[in-house]
Amino acid sequence: MPRDTTKPYTPEELEDLRAIFQKMPSYKTGGWISAKDIPNLIEAFEFPRTPEEALAYKEHWEKHCGGIVTLEHFLQSASVVHSTSQYARDYAVKFDTDGNGYINAQEFEHLMKLMRVHDPKLQGKTYADFLSEADIDKDGKVDIDECTKWIEHHCSI
């Protein structure tokens, strides 16, 4: 039975996740696994994700995170999955890859590649659409808070 992601994981569930993570074939003592194990991890912990979503996560980690997933980062992501607003913010922060506090066109495309797997109605959504819809203060940029609100409003995650 899939895990209930509508409420926070209990400390016991987080410990289960830690133990499952450490049993992945690529687990390294430094506390990380290869992105190739993401689909196995999702299946083992019974996250309610489709195979397509698991593959998109794997591809994201391979392309944008050096092909590794740290235990700390994975547990942090799992700890906010129950809250749409926290999960949306987690996405926004992760995709601000240059760390400047704004989502540019390239970062938006990376974000949308993963978000479109969760929500196919986002197909065809462009950066111009995003900028028009998300730029609340009309400064020509989308900051993390604006991106978070946009994700909450436009995406099914």
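Refer to the preceding data block for the structure.
Owing to the predicted nature of the structure, the values given are computational and were not obtained by experimental measurement.

Participant: Describe the nonpolar core, and please don't skip the residues or the numbers.
Facilitator: Tyr91, Trp150 and Ile151 are the most contacted members of the largest nonpolar core, which has 41 residues in total. Put simply, the parts of the chain that give this core at least two residues each are helix 1 (11-22), helix 2 (38-45), helix 3 (51-64), helix 4 (71-80), helix 5 (84-95), helix 6 (105-118), helix 7 (127-134) and helix 8 (144-154).

Participant: Go over helix 6, please, and point to the residues and values.
Facilitator: Compared with the 20 Å implied by 1.5 Å per residue over 14 residues, the 20 Å span of helix 6 between its first and last C-alpha is a close match. Roughly 25° is the biggest bend found in helix 6, and it falls at methionine 112. Buried residues of helix 6: Glu107, Phe108, His110, Leu111, Met112, Leu114, Met115, Arg116 and His118, and no others. Looking at the buried residues of helix 6, the elements they touch are helix 3, helix 5, helix 7 and helix 8. Here helix 6 starts with a cap whose side-chain oxygen sits 3.0 Å from the backbone nitrogen of glutamine 106, and that cap is asparagine 104.

Participant: Run through the packing of aromatic side chains, naming residues and quoting values.
Facilitator: In the structure shown here, the tally under the stated rule is eight aromatic pairs. Here a set of aromatic residues connected by ring pairs shows up, and it is made of Phe108, Tyr127, Phe130 and Trp150. The ring of tyrosine 102 has lysine 141 lying over it, and the distance from NZ or CZ to the ring centre is 4.4 Å.

Participant: Break down the environment of threonine 97 for me, citing the residues and quoting the values.
Facilitator: Checked against the element boundaries, threonine 97 lands in the loop between helix 5 and helix 6. Relative accessible area serves as the criterion here: at 54%, threonine 97 is assigned to the exposed category. Taking the C-alpha atoms as reference, threonine 97 lies 23 Å from serine 83; in sequence the two are 14 residues apart.

Participant: Describe the layout of surface pockets, and please don't skip the residues or the numbers.
Facilitator: Its volume calculated, the largest pocket comes out at about 180 Å³. Forming the walls of the largest pocket are Glu52, Leu55, Ala56, Glu59, His60, Lys63, His64, Glu109, His110, Lys113, Leu114 and Val117. Elements represented by at least two residues in the lining of the largest pocket include exactly helix 3 and helix 6. Of the residues forming the lining of the largest pocket, the biggest block, seven residues, is contributed by helix 3. Here the lining of the largest pocket is built from residues that sort into four nonpolar, three polar and five charged.

Conventions used here
Residues numbered from 1 in each chain as written. Predicted model: local features only at pLDDT ≥ 70, side-chain atom pairs only at ≥ 80, totals over all residues. Heavy atoms only, no water. Core = buried A, V, L, I, M, F, W, Y, C linked by side-chain atoms within 4.5 Å. Buried < 20%, exposed > 50% of the residue type's maximum accessible area, 1.4 Å probe, protein only. Helix = DSSP H or I, 4+ residues; strand = E, 2+ residues; numbered from the N terminus. Expected span 1.5 Å × (residues − 1). Bend = angle between axes of the 7 residues up to and from the residue. Contact = heavy atoms within 4.5 Å. Polar contact = N/O pair within 3.5 Å; in protein donor to acceptor, adjacent residues only side chain to side chain. Phe/Tyr/Trp six-rings, centres within 6.5 Å; stacked < 30°, edge-to-face > 60°. Lys NZ or Arg CZ within 6 Å of the ring centre and 35° of its normal. 1 Å grid on protein atoms, 1.4 Å probe; cavity = no way out; pocket = protein on both sides within 12 Å on 5 of 7 lines; lining within 4 Å. Points joined across faces, edges and corners; volume = space filled by probe spheres on them. Nonpolar A, V, L, I, M, F, W, Y, C, P; charged D, E, K, R; others polar.

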